[in-house]
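# Observations on the model geometry
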Amino acid sequence: MTQPDANALSLLPTEMVEACDDFSSALSTCSTLDELNRLKGIYIGREGSFSSRLMDALKKAPKEQKRNLGAVVNGLKKTWEDAIKVRQSELETAKQHLDSAKNAWDATLPPPTPPTGALHPLNRLMDRLVDVFRPLGYHVEEGPEVETEEHNFDGLNIPEDHPARGTADTFYLAQHSELLLRTHTSPVQVRVLKRLAPELEKKGGIRFLAPGRVYRKDEIDPTHSPMFHQVEGMLVGKGIGMHHLKGTLAYAMKALFGPEADVRFRPSYFPFVEPGCEMDVHCPLCGGSGCRVCKGSGWVEILGAGLIHPNVLRIAGIDPEIWSGFAFGMGVERTAMMVSQTPDLRLFFENDQRFLQVMGGLD
Ligand code: PHE
């Protein structure tokens, strides 16, 4: 900026002379367009700005000084206007660069992938069980979730006074009191036995798995839910004994949990097997020292099993003097908790994506 004439400047109020001196440094500290606009208002705005006040001072100046001061005032105004314009275009260019950098498309980045769906961990576990048993000759059967009392209870030799037959334990359909939400996958046994009884001799036996949902009036807690999953397994043949059952299940558990899988069989009672048993797995969550899942025992019960009761075969039209077999019903949630070391089965139903993603490693 050209230095204004000292004589002429002496006619101006001191703060305005100082303002002329301060302009350059004030301009250089403006780093945004907003700051620059504020400076513009102070120096060259319409009212109250330094340039409007310079014009006032010019009007009031003595006649002989007017010419000289006029040149100074105009020069100052022009200098400020030009300098502000230059700074404005610099700041605008800088802003444009910044904006375009923000929106820049980086061709080196991997493309955004849409989230893909996946099978639920419980379904994957049931698929795995099917894969374990398929090479042993087992095929997959299905049954309805709304069952008749005949399939759910009578065909399974379950007596009238069994607690599962009461409304306290079982969901009956309000409109059809003989229909209920199946309490286990065992009614599939009755359906398959009846269907295949006529061709049993021709086929030489029966082997199937029946995975599916079952319902009981249980309170929700870390190990119970009113809806859960079971995998039923059944084999019918000639001369079948407990050793076949134990051998088959011990093999399957090793295939599922690994070669060190530790299992134990305990005698138990189910009306549709004789003898009956339950199978426990050594709790991998606590290593057997006792935890919430194994209720301090170090073992978790994952299935009920036994040799098919002669009455069940008889009701289905199969001669128990010729045919025998075993059956088991495995709790899928319990088993999934073991495989994945999850202490609370509710996690499987809450559909929290973070949990399901971690469970991606279930296989
Ligand atoms: N249905 C039984 C239950 O739900 C399990 C079971 C199946 C037991 C087959 C023996 C044989 O508890």
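Here the structure is a predicted model, which means the values were calculated and not measured. Every chain begins its residue count from 1, and numbering advances along the sequence as written. It should be noted that, the model being predicted, local features are given only for residues of pLDDT at least 70 and side-chain atom pairs only at 80 or more, the latter also being counted only at that level, while totals for whole chains, interfaces and linings use all residues. As a convention, hydrogens and water are excluded, and side-chain values are obtained from all of the structure's heavy atoms.

### Side note on the overall build of the protein
- What counts as a helix is a DSSP run of H or I of at least four residues, what counts as a strand is a run of E of at least two, and both are numbered from the N terminus. The helix and strand inventory of the protein stands at 13 helices and nine strands.
- Based on C-alpha atoms, the radius of gyration is set beside the globule rule, defined as 2.2 Å times the residue count to the power 0.38. Its C-alpha atoms give the protein a radius of gyration of 43 Å, clearly above 21 Å, the size a compact globule of 363 residues would have.
- Along the three orthogonal principal directions, the C-alpha set of the protein runs to about 140 × 50 × 45 Å.
- When each of the 363 residues of the protein is scored for burial, the buried share is 42%.
- Contacts between residues were defined by any pair of non-hydrogen atoms, one from each residue, lying within 4.5 Å. Counting contacts in the protein only where the partners sit at least 6 residues apart, residues at least 24 apart contribute 67% of the total.
- For the protein, the centre of its 40 positive side-chain charges and the centre of its 48 negative side-chain charges are spaced 6 Å apart. To sort residues, take the accessible area from a 1.4 Å probe on protein chains only and compare it with the maximum for the residue type: under 20% means buried, over 50% means exposed, and anything in between is partly exposed. Charge assignment: positive for Lys and Arg, negative for Asp and Glu; neither His nor the chain ends contribute. Lysine's charge is taken at NZ, arginine's at CZ, aspartate's at CG and glutamate's at CD.

### Digging into the sheet that holds strand β8 (residues 299–308)
- Strands are treated as partners if at least two bridges between them are detected by DSSP. Strand order in the open sheet formed by seven strands is β1-β4-β5-β9-β8-β7-β6, with mixed pairing between adjacent strands. Both edges of this open sheet fall to β1 (139–140) and β6 (263–268), since each of them pairs with a single strand only.
- Note on definitions: angles span 0 to 180 degrees between N-to-C directions of axes, and those axes are lines fitted to C-alpha atoms, for helices only across the stretch in contact. Contacts between helix α8 (residues 187–196) and the sheet are confined to β4 (206–215), β5 (227–237) and β9 (324–331), with β4 contributing the most and set at about 145 degrees to the helix.

### Observations concerning helix α4 (residues 50–60)
- Those residues of α4 that fall on the buried side of the exposure criterion are Phe50, Ser51, Ser52, Leu54, Ala57 and Leu58.
- Among the structural elements, α2 (14–28), α3 (33–44) and α5 (63–102) are those in contact with the buried residues of α4.

### Let's talk about the packing of aromatic side chains
- Side-chain rings of Phe, Tyr and Trp, where Trp is taken by its six-membered ring, are said to pair if the distance between their centres is within 6.5 Å; with planes under 30 degrees apart they count as stacked, over 60 as edge-to-face, and otherwise as tilted. Counted according to the given criterion, the structure contains eight aromatic pairs.
- Measuring from centroid to centroid gives 4.8 Å for Phe23 and Tyr43, while their planes differ by 70 degrees, and the two rings are edge-to-face. Here Phe23 is found in helix α2, whereas its partner Tyr43 is found in helix α3, with 20 residues between them in sequence.
- Overall, the relative accessible area of 2% leaves Phe23 in the buried class.
- Ring geometry for Phe133 and Tyr138: centres 5.0 Å apart, planes at 70 degrees, overall edge-to-face.

### Here we look at the side chain of His184
- Locating His184 in the fold gives a position in the loop between β3 (179–181) and α8.
- Side-chain polar atoms of His184 contact the backbone oxygen of Asn152, separated by 3.2 Å.
- In this structure, His184 is in contact with Asn152, Leu156, Ile158, Val214, Arg216, Gln230 and Phe272, ignoring residues within four places of it in sequence. Pairs of N or O atoms within 3.5 Å make up the polar contacts considered here, provided that, within protein, one atom can donate a hydrogen while the other can accept it, and that residues adjacent in sequence are counted only when both atoms are side-chain atoms.

### Quick look at the state of the cysteines
- The rule for a disulfide is simple: a pair of cysteine sulfur atoms within 2.5 Å. One pass over the full model with this rule turns up zero disulfides.
- Left unpaired, Cys277 is separated from the closest cysteine sulfur, that of Cys283, by 20 Å.
- For Cys286, which is in no disulfide, the shortest distance to another cysteine sulfur is to Cys294 and amounts to 3.6 Å.

### Focus: α8
- In terms of burial, α8 is largely enclosed, as seven of its ten residues are buried.
- For α8, the full list of buried residues reads Pro187, Val188, Gln189, Val190, Val192, Leu193 and Leu196.

### Some points on the nonpolar core
- In plain words, nonpolar cores are sets of buried Ala, Val, Leu, Ile, Met, Phe, Trp, Tyr and Cys residues tied together by side-chain atoms within 4.5 Å. Residues Phe133, Ile302, Leu303, Phe326, Phe328 and Phe348 are the most contacted members of the largest nonpolar core, which totals 40 residues.
- Elements that contribute at least two residues to this core include exactly α6 (121–133), β5, α10 (242–257), β7 (273–282), β8, β9 and α12 (332–340).
- Ranked by residue count, the leading element in this core is α6, at seven residues.
- For Ile302, the residues in contact, after removing those within four places along its chain, are Met253, Phe257, Met279, Val281, Gly329, Met330, Gly331, Arg334, Thr335 and Met338.
- The next biggest cluster of nonpolar side chains, apart from the first, holds 26 residues, and it includes Phe208, Val236, Phe272 and Ile308.

### Let's talk about the domain arrangement of the protein
- Taken domain by domain, the protein comprises domain 1 (6–103) and domain 2 (121–361).
- The gap between the C-alpha centroids of domain 1 and domain 2 is 88 Å. Segmentation of the chain into domains, including their bounds, is taken from an automatic or database domain assignment.

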